[in-house]
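# Breakdown of the fold
One-letter residues, chain by chain:
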Amino acid sequence: MCVDDSKKKERVTNMVRKKRADVPSAGGESSQSGGRGLGSQSQQTGRGGYSSGGRGGSMSQQQYAEGPHEYQGRGRGGPPQQGGRGSYGSGGRGGGPSHGGPSRPPVPELHQATQSFHGPASFEAGSSSRPPEHAPSTQQQQQLSIPQEVGQAIQPVPASSKSVRFPLRPGKGCTGTKCIVKANHFFAELPDKDLHQYDVTITPEVASRGVNRAVMEQLVKLYRESYLGKHLPAYDGRKSLYTAGALPFVSKEFKISLLDDDDGSGMQRKECNFKVVIKLAARADLHHLGLFLQGKQADAPQEALQVLDIVLRELPTSRYCPVGRSFYSPDLGRRQSLGEGIESWRGFYQSIRPTQMGLSLNIDMSSTAFIEPLPVIDFVTQLLNRDVSSRPLSDADRVKIKKALRGVRVEVTHRGNMRRKYRISGLTSQATRELTFPVDERGTMKSVVEYFYETYGFIIQHTQWPCLQVGNQQRANYLPMEVCKIVEGQRYSKRLNERQITALLRVTCQRPQEREKDITRTVRQNAYHDDPYAKEFGIKISEELASVEARILPPPWLKYHDTGREKNCLPQVGQWNMMNKKMVNGGTVKNWICINFSRQVQDNVAQRFCYELAQMCYISGMAFTPEPVLPPISARPEQVEKVLKTRYHDAMTRIQPQNKELDLLIVILPDNNGSLYGDLKRICETDLGIVSQCCLTKHVFKMSKQYLANVALKINVKVGGRNTVLVDAISRRIPLVSDRPTIIFGADVTHPHPGEDSSPSIAAVVASQDWPEITKYAGLVCAQAHRQELIQDLYKTWQDPVRGTVSGGMIKELLISFRRATGHKPQRIIFYRDGVSEGQFYQVLLYELDAIRKACASLEPNYQPPVTFVVVQKRHHTRLFAHNHHDRNAVDRSGNILPGTVVDSKICHPTEFDFYLCSHAGIQGTSRPAHYHVLWDENKFTADALQSLTNNLCYTYARCTRSVSIVPPAYYAHLAAFRARFYMEPETSDSGSMISGTMAGRGGMGGGARSTRAPAASAAVRPLPALKENVKRVMFYC
């Protein structure tokens, strides 16, 4: 895990890495349901219901044509000022089609969208090929004609990446207060040299880039002045070599000899011979790169950028330890122990990027984890966190040691200066004292203990321990742990535990001013003006951070309830509070119970905490009964399932005769609760059907007003309330959102941790369910093939034996639920997609835009609302700093740039529609702006309209009174996907209240998916357990 030197304002626990993957087919399920919930604010009193077909549109046509009475919600008492709570139900998980999951072509079948955009207001159900049994009458199809605006013509989905052109920048934004910021981008002068690319073949072929580089280094040393015509080539360590100017040959073969590392034995070193063939492949054209930077060419010439990147990486690669695009060394900063034999090394990230100012070198500080170069005995002592000689190793200890040491390189210490190196392949199953091996061809056996004493005079102390197995498994080679030391410079690529992550964040957390100084110092230390490779290729790098024009967007006014003292609120520097305010729509908690799993918390403390929390919910605007259905009960964590079910049953026995339901479970957890949190959420949400609010022991004892107010915000949205809405939303003043019904989607895919080869990836899609407020988001999650980035279940079809071709998927279901909740068809779609790297832009857009199109068309012929598709990126290395750190008006309390700072010039893409937005106030460390890149825009947003919408939405995040760092729909989607992992693997997830989607986890929507990358390629993706209906229809995820 690499961690940049910053601590984000709001830490998304365990951000998981994204990787490109193939497109598998996927399965799915369908079901239907109805129930109670909450209607949108503007029509809350009279109706609030929607019921939607489950995945695959299994609801009959009749249900879509029932007319107005489908909106008559069964009201439920709320505070008098808000009116009753209406009903909405949503499709759920059930049995899939009888013949198995739907099939999907491995690549999208791209089709042209219809131009016309009008049609009946009621969506059809399943787009079945059979005629509907109950066709809706003309009167029931409330006609809704939508005028086609200029510039809103629906464009056909491109057939391939060759025909895709991402939207051009629609001019730069003007809104906000102008200012200057500095960015960690350094201007790189474009060389005027003639670049040539050569193919390199090294025989025998080796997998190690290090060996390849050593071979090439020797070749350059021997032949630079002669055969290479004095050129200094840059080499990528694999198959490509680049030169400034042509070599004096088209193809040439070289013979190179390398000596083995000196192992200190004094014996003659082994010589390895290699044949190297260098052959002209192409000229790398910098002319086209120049045209691209000037905006005269659409495509970025990737080859030319790659050459420049490789040239600038040559010198640091020879000096430091390269990891991805970063370089690390103990010499670049103090190494710090992270515990369990792991330490952090400092380093820097470096990447060449095309920008509006020309070529830019992006430099940022970074840290990552390395294995401490300890004697193996000391490493194991740290790993197990105890004196290992005191008692024998348990089976669990052995598994932990084996996992930690497999693949690690060690050197032996029992042979004086001879430090031969080996790679650990495993542990022996027997103790060292029991191990024997044949010493001659006759099969004479000798014990390891005897051998080490007789051969080296070394007495093994820890004979009860296993030996390390090194080399290959066929020819067993045993080394006692006490004669081995871990070789320095090995990156730790496995998952860090919570304590290690905290320690790494503490080490890397830097104030903006310190970080800026370190970046400047790094650029000067790298001395690009003296870099022989940069000189050879004519690349000149500025040593000054780029000064960039920025604007600070104003915060939006927020609406609170009219019965509070403050009805409207203008946030100050990205934050505000709930004092004198009431939630704009307070939810209702009539019946609730409390279970305490913390031994430290006495019953009377738990009672008082619950009373204070109920009071806070009440004064914040909720209808909250102060007394629970049953008194709080204490329980042991290991009995979580039994206690939850028994208490739930007892409570329901008391309230069910009055036709009441349990609205909320309050849970007190130990501060370190292991898998308890995940188990509890899984049982509540997929088994019992109740929303829960977990509170840690430390907070229960403190009982601070601020904490209680924050928990009240979470409880309110879990039971169907709204905390606040944008004043501009309810007064219909948001461009391209307020003028016609608009749905905003957020989507993300989270992947398993490194080392988990077979766990599925989880995709989540959330969508706004209220208009014009755009505050509530319903969500769906599904499991899909391991490390698959494209969301498989946005749209799917399958054959039903009775109804013919049936369509469904996440987009279709969320469009239907929007229609049921608001009474409108979405006439505009804005899709924020999180977690896509630049290399995946074309692939994700082609596949997912096509799925959106097909989902719309399956609801109604010619139904194609215009789509804007925006990628949200946080995993980048651009940082923005105040021009003057001492100007109090230019920084927040943490020294970071002010929330609302937006940049769309100089360091942004030369021609495309992208911008950096720092929408949040920093807390500690250096704020990381979010990068938004528009990949498709049929709504024709101006820069100001999209930047302001995105910034304003960041103030509507439900769980706190702060603006957040990425747009809430994308944030919710990430957290929805993360919550779903609790249902599969609760023991590997962290504690703390995480988010899932409103209608999330509705079962294995990827049920038939196959992974083409995972080792267990033939195994179907395990479906997620179904969420209970009454949980699904409220926003339980906050």
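Computed from a prediction, not measured in an experiment: that's the story for all the values here.

Below, the discussion takes up helix H19 (residues 943–953). In terms of burial, H19 is a largely internal element, 11 of the 11 residues being buried. Here H19 has its buried residues at Ala943, Asp944, Ala945, Leu946, Gln947, Ser948, Leu949, Thr950, Asn951, Asn952 and Leu953.

This brings us to the packing of helix H12 (residues 640–655) against helix H13 (residues 676–688). Contact geometry of H12 with H13 gives a least axis separation of 10 Å together with a crossing angle of 40°. With respect to H13, the element H12 is oriented oblique. Handedness of the H12/H13 crossing: right-handed. For the pair H12 and H13, the contacting residues are Val640, Glu641, Leu644, Lys645 and Tyr648 in the first and Leu676, Asp679, Leu680, Ile683, Cys684, Asp687 and Leu688 in the second. For the contact of H12 with H13, the class distribution of residues is eight nonpolar, no polar and four charged.

Quick look at the sheet that holds strand S16 (residues 409–412) now. Taken in spatial order, the five strands of this open sheet run S21-S20-S17-S16-S22, and their pairing is antiparallel. Edge positions in the sheet fall to strand S21 (477–480) and strand S22 (484–486), since each of these pairs with one other strand and no more. Each neighbouring strand pair of the sheet contributes to a mean axis angle of 55°, computed without reference to strand direction. Where strand S17 (residues 421–431) lies against strand S20 (residues 466–470), four bridges are found, and the strand directions are antiparallel. If you follow glycine 426 over to S20, its bridge partner there is glutamine 469. Along the sheet, helix H5 (residues 376–384) makes contact with S16, S20 and S22, crossing S22 at roughly 60°. The sheet strands contacting helix H7 (residues 448–456) are S20 and S21, and the helix crosses S21 at an angle near 75°.

On the basis of which strands lie adjacent, the open sheet formed by 11 strands has the order S36-S35-S34-S39-S40-S44-S43-S42-S24-S4-S41 and mixed pairing. Strands with a single pairing partner mark the edges of an open sheet, and in this sheet they are strand S36 (777–784) and strand S41 (880–882). Ignoring strand direction, the axes of neighbouring strands in this sheet form an average angle of 30°. Where strand S40 (residues 867–873) lies against strand S44 (residues 930–937), six bridges are found, and the strand directions are antiparallel. Its bridge partner being in S44, phenylalanine 869 is matched across the sheet by tryptophan 936.

Aromatic rings considered in pairs are described by the distance between their centres and by the relative angle of their planes. All chains considered together, the criterion is met by 26 aromatic pairs. Grouped by ring-pair contacts, the aromatic residues Tyr198, Tyr223, Tyr227, Phe249 and Phe254 constitute a single cluster. Sitting over the face of the ring of tyrosine 227, lysine 252 holds its NZ or CZ atom 4.3 Å from the ring centroid.

With respect to the element layout, cysteine 594 can be found in strand S28 (residues 592–596). What makes cysteine 594 buried here is its relative accessible area of 0%. As a C-alpha pair, cysteine 594 and serine 634 span 40 residues in sequence and 8.9 Å in three-dimensional space.

Here we take up the nonpolar core. One finds Tyr832 and Tyr932 to be the most contacted residues of the largest nonpolar core, which totals 120 residues. With 11 residues, helix H20 (residues 968–984) is the largest single contributor of residues to this core. Listed in part, the 53 residues of the second largest apolar core include Leu247, Phe274, Tyr528 and Tyr533.

In this section: the pattern of salt bridges. Scanning all chains against the criterion turns up 44 salt bridges. In this structure, glutamate 343 and arginine 335 form a salt bridge, with 3.2 Å as the shortest nitrogen-oxygen distance. We classify glutamate 343 as buried; its relative accessible area is 4%. Its relative accessible area of 29% is what places arginine 335 among the partly exposed residues. Residues joined by salt bridges that share partners form a network here, namely Arg335, Glu343 and Glu488.

Let's shift gears to the confidence of the model for the protein chain. This prediction gives the protein chain a mean pLDDT of 82; 80% of its residues lie at or above 70. Confidence over residues 3–121 falls short of pLDDT 50; this stretch has 443 contacts with residues more than four positions distant or in other chains. In this model, residues 124–151 is a region of pLDDT below 50 whose contacts with residues beyond four sequence positions or in other chains number 62 contacts.

Okay, the environment of proline 512 next. Relative to the assigned elements, proline 512 resides in helix H9 (residues 512–526). When sequence neighbours within four positions are dropped, the list of residues in contact with proline 512 reads Phe881, His885, Ser894, Gly895, Asn896, Gly925 and Thr926.

Running from N to C, helix H11 (residues 603–619) and helix H15 (residues 705–718) point in directions that differ by 65°, and their axes come no closer than 9 Å. Put simply, H11 runs roughly perpendicular to H15. Of the two elements, H11 crosses H15, and the hand of that crossing is right-handed. In this structure, H11 contributes Phe609, Glu612, Leu613, Met616 and Cys617 to the contact, and H15 contributes Lys705, Tyr707, Leu708, Ala709, Val711, Ala712 and Ile715.

What counts, and at which threshold
Residues numbered from 1 in each chain as written. Predicted model: local features only at pLDDT ≥ 70, side-chain atom pairs only at ≥ 80, totals over all residues. Heavy atoms only, no water. Buried < 20%, exposed > 50% of the residue type's maximum accessible area, 1.4 Å probe, protein only. Helix = DSSP H or I, 4+ residues; strand = E, 2+ residues; numbered from the N terminus. Axes fitted to C-alpha atoms, helices over the stretch in contact; angles between N-to-C directions. Parallel < 35°, antiparallel > 145°, perpendicular 65-115°, else oblique. Left-handed = near helix turned anticlockwise from the far one by under 90°. Contact = heavy atoms within 4.5 Å. Nonpolar A, V, L, I, M, F, W, Y, C, P; charged D, E, K, R; others polar. Pairing = 2+ DSSP bridges. Phe/Tyr/Trp six-rings, centres within 6.5 Å; stacked < 30°, edge-to-face > 60°. Lys NZ or Arg CZ within 6 Å of the ring centre and 35° of its normal. Core = buried A, V, L, I, M, F, W, Y, C linked by side-chain atoms within 4.5 Å. Salt bridge = Lys/Arg side-chain N within 4 Å of Asp/Glu carboxyl O. pLDDT = per-residue confidence, 0-100.

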